[in-house]
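The residues making up each chain are set out below.
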Amino acid sequence: MRLWVNGEDVVEEAVREGGRGPYAADALPAGSPGLLRATGEARRVELGEPECSGGCCGFLSVVVQRSGEIVQWSDWEVPWEANTPVPYPPPELHFDARQYDAEVARAEADRWWRVHP
């Protein structure tokens, strides 16, 4: 799964070539709230990992939290590899909560990626 904000893939640069975002089935589970749902309780969400795996070089993660009518993505952690510069984390992001909720609900309902036997 790729995560686009304002026309930019927020995962791609941080996980580098060969890395990946979360699997759609993990981020958008059927019948339960997805990882990207925002509540008043701050929680860290893994959004990607490098090709070598998150267990090796770390995961791309962000703290997601709702504060009134704003959803905030902050406190990014980025994966790193030995002998390479640590990438800069993405900037803190703020979203209108109603628009954010609508987009998350749309993504959760859109099962296009599901493989049918």
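Because the structure is predicted, anything quoted here is derived from the model rather than measured.

Along the chain, the regular secondary structure elements total four helices and six strands. N-terminal to C-terminal, the α/β element order of the chain is β-β-α-α-β-α-β-β-β-α. For the chain, the proportion of its 117 residues judged to be buried stands at 37%. Taking as baseline every contact in the chain between residues at least 6 positions apart, the subset at least 24 positions apart corresponds to 49%.

Segments scoring low in pLDDT should not have their predicted coordinates read at a detailed level. When the pLDDT values of the chain are averaged, the result is 82; 88% of them are 70 or greater. For the chain, the element scoring lowest by mean pLDDT is helix 3 (residues 54-57), at 70; strand 6 (residues 93-96) scores highest, at 96.

Our focus in this paragraph is the packing of aromatic side chains. If you walk through the whole model with that rule in mind, you get four aromatic pairs. Ring geometry for Trp73 and Phe95: centres 5.3 Å apart, planes at 65°, overall edge-to-face. One end of the pair, Trp73, is in strand 5 (residues 70-77); the other, Phe95, is in strand 6, with 22 residues separating them in the sequence. Its relative accessible area of 3% is what places Trp73 among the buried residues. Consider the rings of Trp73 and Tyr100, whose centres lie 6.4 Å apart with planes at 85°: the pair is edge-to-face. Taken as a pair, Trp73 in strand 5 and Tyr100 in helix 4 (residues 97-109) lie far apart in primary sequence, 27 residues in all.

Overall, the coordinates contain six salt bridges when judged by the stated rule. Residue Asp9 pairs with Arg2 through a salt bridge whose shortest N-O separation is 2.7 Å. For Asp9, a relative accessible area of 13% gives the class buried. Judged by its relative accessible area of 34%, Arg2 is partly exposed. For Glu69, the salt bridge goes to Arg98, with nearest N and O atoms at 3.3 Å. Taken together, the positions of Glu69 in the loop between strand 4 (60-67) and strand 5 and Arg98 in helix 4 put the pair 29 residues apart, joining distant regions of the chain.

Calculation rules
Residues numbered from 1 in each chain as written. Predicted model: local features only at pLDDT ≥ 70, side-chain atom pairs only at ≥ 80, totals over all residues. Heavy atoms only, no water. Helix = DSSP H or I, 4+ residues; strand = E, 2+ residues; numbered from the N terminus. Buried < 20%, exposed > 50% of the residue type's maximum accessible area, 1.4 Å probe, protein only. Contact = heavy atoms within 4.5 Å. pLDDT = per-residue confidence, 0-100. Phe/Tyr/Trp six-rings, centres within 6.5 Å; stacked < 30°, edge-to-face > 60°. Salt bridge = Lys/Arg side-chain N within 4 Å of Asp/Glu carboxyl O.

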